[in-house]
Amino acid sequence: MPNKIAVIGGSGFYTMASANNAKALNPVNTPYGSVGGLIEYSMGGHNIVFLARHGGEHKLPPHKINYRANIYALKELGVSHIIAANAVGGIGERCGPGVLVIPDQLIDYTFGREGTFFDSFEDGMSHIDFTYPFEGRVRNALIQASAAFEKEFGSDKVVRNGVYACMQGPRLETAAEIKKLKNDGASLVGMTAMPEAALARELGIDYASICLVVNWAAGLSAGLITLEAINAELEGCVGKAEYLIGQSVNY
Ligand code: HPA
């Protein structure tokens, strides 16, 4: 992949442990607010800008993240390609805890989020095409890298397509909501891919996601969903996601 790539880390993913030459970047001022906590790494001869989506100490819940400032800041830094990591609950049969999914579609169920850079059509009408929300070079690179990933972790640990349902949160879903999402065709449920993916498309940034499945979605396993179990699963998933990212920059 070309320079400059950004990695947006989600829950439990606050730094790139396997990358070198970490350099803290100055906060970037944008019309939507200032973005701090940016780190630049070098990885396989590439510059990687890392942004912790929730802030360095996970202070921002999904509905309070300043998605516009984040994406605008990355554009300001010259980022052309984004690999996003998103923790999710699994709905699809193959999408159980510990699996990475490279989704190809999404459905947006969020509300009230600032979701566009085009709040006015004064400079002309703008409706981005979003038929294939994750399509592009980054997704292709992740798919290619998944071959090496399979050898390392097993072929049941990566799924190369999926429909991401983006919910408002921060609460988890009811069992009935998950049934409905399944009927809608969703295989994953999370809270952070939107409006992030659309904003990247609006600024012409190639964006794809690695979904880290950290629990079965509500009602799909016995018992309730606990944060302890999610956090325990996250750790292993983050290591796997870092491996996939490390491989993907070669394509
Ligand atoms: N639902 C929504 N978002 C999530 C979940 C879930 O079950 N797990 C991790 N993020």
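From a predicted model like this one, the values you see are computed outputs, not experimental measurements.

**Q** Help me out: how do you make sense of the confidence of the model for the protein in this one?
**A** Do not read the predicted coordinates in detail wherever pLDDT is low. Here the protein averages 94 in pLDDT, and 98% of its residues register 70 or above. The complex model carries a pTM of 0.96, and its ipTM stands at 0.99.

**Q** What am I meant to see in helix 1 (residues 67-76) here?
**A** Because each turn of an α-helix spans 3.6 residues, side chains separated by three or four positions in sequence point in the same direction. The element helix 1 is largely enclosed, with a buried count of seven among its ten residues. By the burial criterion, the buried members of helix 1 are Tyr67, Arg68, Ala69, Asn70, Ile71, Ala73 and Leu74. Buried residues along helix 1 sit in contact with strand 1 (5-9), strand 3 (28-30), strand 4 (33-35), strand 6 (46-52), strand 7 (81-90) and helix 4 (196-202). Just beyond helix 1, the residue with positive phi is glycine 78, at close to 90°.

**Q** Hey, could you run me through the packing of aromatic side chains in this one?
**A** Here the distance between the centres and the angle between the planes together describe a pair of aromatic rings. Applying the stated rule across the entire model yields nine aromatic pairs. Between the aromatic rings of phenylalanine 149 and phenylalanine 153, the centroid separation amounts to 4.6 Å while the plane-to-plane angle is 35°, which identifies the pairing as tilted. Placement of both phenylalanine 149 and phenylalanine 153 in helix 2 (residues 137-153) is noted, with a separation of four residues, approximately one turn of the helix. Residue classification places phenylalanine 153 among the partly exposed positions, given a relative accessible area of 31%.

**Q** Whenever I open this one, the site of the ligand confuses me. Can you help?
**A** Lining the immediate surroundings of the ligand are Ala87, Val88, Gly89, Leu172, Glu173, Val189, Gly190, Met191, Val214 and Asn215. In this structure, alanine 87 approaches the ligand through a main-chain N or O atom, which is 3.4 Å from a nitrogen atom. A distance of 2.8 Å separates a nitrogen atom of the ligand from a polar side-chain atom of glutamate 173. Contact with the protein chains removes 92% of the 260 Å² of surface that the ligand exposes when unbound. Judged by the fraction of its atoms near the pocket grid, the ligand is located in the largest pocket. Counting residues per element, the ones that place at least two in the shell around the ligand are strand 7, strand 12 (188-190) and strand 13 (206-216). Here the shell around the ligand gets three residues from one element, more than from any other, and that element is strand 7. Per-class residue counts for the shell around the ligand are six nonpolar, three polar and one charged.

Reading guide: rules and limits
Residues numbered from 1 in each chain as written. Predicted model: local features only at pLDDT ≥ 70, side-chain atom pairs only at ≥ 80, totals over all residues. Heavy atoms only, no water. pLDDT = per-residue confidence, 0-100. Buried < 20%, exposed > 50% of the residue type's maximum accessible area, 1.4 Å probe, protein only. Helix = DSSP H or I, 4+ residues; strand = E, 2+ residues; numbered from the N terminus. Contact = heavy atoms within 4.5 Å. Phe/Tyr/Trp six-rings, centres within 6.5 Å; stacked < 30°, edge-to-face > 60°. Near = heavy atom within 4 Å. Polar contact = N/O pair within 3.5 Å; in protein donor to acceptor, adjacent residues only side chain to side chain. Areas by Shrake-Rupley, 256 points an atom, 1.4 Å probe, with all protein chains shown as cover. 1 Å grid on protein atoms, 1.4 Å probe; cavity = no way out; pocket = protein on both sides within 12 Å on 5 of 7 lines; lining within 4 Å. Sits in = over half its atoms within 2 Å of the grid points. Nonpolar A, V, L, I, M, F, W, Y, C, P; charged D, E, K, R; others polar.

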